[in-house]
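Here's the letter readout for the chains.
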Amino acid sequence: PATKLLEHEVLAAKTTMRVGGPARVYAEPAGAEDLQHLLREAGARNLPVLLLGRGSNLIIPDHGVDGLVISLGHPAWQSFEPQPDGRLWVGAGLRLKNLCGLATKAGLQGFEFLEGIPGSVGGALRMNAGAMGGWMFDVVDEVRLMTLAGEIHTRKKAELHVDYRHCAELHDAIALGAWLRPAAGVDADAIRRQIEVYQKKRVESQPREPSAGCIFKNPPGGSAGRLIDESGLKGERVGDAEVSTVHANFIVNRGHATSADIIALVQKVRARVKSVRGVDLEPEVLL
Ligand code: EPU
């Protein structure tokens, strides 16, 4: 199969934070076979593999990624297919925003909380992304994944070890897609109203500038945003990287931030919260 391998493809524009250097090799496979082929190639050339997803929960280093960066942006990965058994098959490359829009049109309820998450299905599965009190695995029935050796497996939710912002089985595997389970009840107006409530809350409480979403996980029983805020860090800057004045757990790119600026600011925030509040925050984004 002929997936084009691009050398030195710049990654900044493919991420929501808009920073980062080039990939040594970059590819967009057109299906599972292509992906298997790429993984074999990476193995043969001894290249580490990085799945980009929507690029919303990672900070690419300024010097780039010395490996094979794979994006599932090809239409082959964007399926949205209601099944005769009532489930919904979605491909790993489908954006959550599109999933939510298509589900609304199809009268499928239960996916409203995904609307504002700037990610794809694959990334959301890998990190069990969440918002508005829900998380991805709330709606998952089964996951199809590929190991880095190219084997394809289907796993029931009950077979997976899933936690807050974590799915163990996808740590070293690639999510290909999932069968989701819509909530019972079909009421298009209720779906739309719920989405509007979430949109309003998000616009009021989260920044608009380029970011990687929340930088740190919430500590058990606590709120990273509140801890950072109470440590007096809103507006703190390194270069063009800034702790958002809207929500303190977001670092925003005010224009020309570098990856190094962002990482330095993450370390500064972490150290300050540790010394002021005695809590060591754990990053949520891949740094
Ligand atoms: N707060 C402050 N100051 C701030 C930010 C927040 O005092 O600068 C307080 C709020 O007033 C509130 C509490 O902290 O009492 C929690 O804030 P919020 O409701 O915004 O939720 P969060 O716990 O900070 C979580 C997720 C978000 C998700 C929102 C909305 C994590 C790390 N964050 O934020 O997820 O969008 O809930 O449901 O779990 C992400 O993971 O990237 C992300 C953005």
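Rules used throughout
Residues numbered from 1 in each chain as written. Predicted model: local features only at pLDDT ≥ 70, side-chain atom pairs only at ≥ 80, totals over all residues. Heavy atoms only, no water. Helix = DSSP H or I, 4+ residues; strand = E, 2+ residues; numbered from the N terminus. Expected span 1.5 Å × (residues − 1). Buried < 20%, exposed > 50% of the residue type's maximum accessible area, 1.4 Å probe, protein only. Arc of directions from axis to C-beta. Contact = heavy atoms within 4.5 Å. Near = heavy atom within 4 Å. Polar contact = N/O pair within 3.5 Å; in protein donor to acceptor, adjacent residues only side chain to side chain. Nonpolar A, V, L, I, M, F, W, Y, C, P; charged D, E, K, R; others polar. Domains from an automatic or database assignment. Pairing = 2+ DSSP bridges. Axes fitted to C-alpha atoms, helices over the stretch in contact; angles between N-to-C directions.

1. What to know about helix H4 (residues 188-205)
Taking 1.5 Å of rise per residue, 18 residues should cover 26 Å, and H4 covers 26 Å from first to last C-alpha, within 8% of that figure. Among all positions of H4, only Ile191, Ile195 and Tyr198 are buried. Buried residues of H4, seen end-on, are gathered within an arc of 65° and therefore sit on one face of the element. The outward face of H4, more than 90 degrees from its buried face, is lined by the exposed residues Arg193, Glu196, Lys200 and Glu204. Those residues of H4 that are buried are in contact with helix H2 (96-106).

2. A word on the site of the ligand
Close to the ligand lie 21 residues; Met132, Tyr164, Cys214, Arg226 and Asp229 are nearest. For the ligand, an oxygen atom lies 2.9 Å from a polar atom in the side chain of Arg165. Taking Asn218, its side chain carries an N or O atom lying 2.8 Å from an oxygen atom of the ligand. Elements that contribute at least two residues to the shell around the ligand include exactly strand E7 (130-131), strand E14 (211-214) and helix H5 (224-230). Class assignment of the residues belonging to the shell around the ligand gives a composition of seven nonpolar, eight polar and six charged. Structurally, the shell around the ligand is a two-domain feature, drawing no fewer than three residues from each of domain 2 (78-189) and domain 3 (207-277).

3. Side note on the domain arrangement of the protein
Taken domain by domain, the protein holds domain 1 (6-70), domain 2 (78-189) and domain 3 (207-277). Summarising the inter-unit geometry, the C-alpha centres of domain 2 and domain 3 are found 28 Å apart.

4. Let's talk about unusual backbone geometry
Both trends apply: most residues other than glycine have a negative phi, and most peptide bonds are in trans. With phi around 60°, Asn46 is a residue other than glycine that occupies positive phi space. Tracing the backbone through its elements, the reader meets Asn46 in the loop between helix H1 (32-44) and strand E3 (49-51). On the basis of relative accessibility, which here comes to 68%, the residue Asn46 falls in the exposed class.

5. Let's talk about the sheet that holds strand E6 (residues 88-91)
Sheets are built from strands that pair by backbone hydrogen bonding, the pairs being arranged parallel or antiparallel. Strand order across the open sheet formed by five strands is E5-E6-E13-E9-E10, with antiparallel pairing between neighbours. Looking at strand neighbours, the two that pair on one side only are strand E5 (80-82) and strand E10 (152-156), the edges of this open sheet. Direction aside, the axes of adjacent strands within the sheet are offset by 20° on average. Pairing of strand E9 (residues 140-147) with E10, which is carried by five bridges, proceeds in the antiparallel orientation. Residue pairing in the sheet places Met146 in a bridge with Ile152 of E10. Strands E9, E10 and strand E13 (173-180) of the sheet are contacted by H1, whose axis makes an angle of about 40° with E9.

6. Some remarks on the sheet that holds E3
As summarised here, the arrangement of the four strands in space is E1-E2-E4-E3, forming an open sheet in which the pairing is mixed. Unpaired on one side and paired on the other, strand E1 (6-10) and E3 mark the two borders of the sheet. Averaged over all pairs of adjacent strands, the angle between strand axes in this sheet comes to 45°, irrespective of strand direction. This element, H1, spans strand E2 (22-27), E3 and strand E4 (65-70) of the sheet and lies at about 165° to E4.

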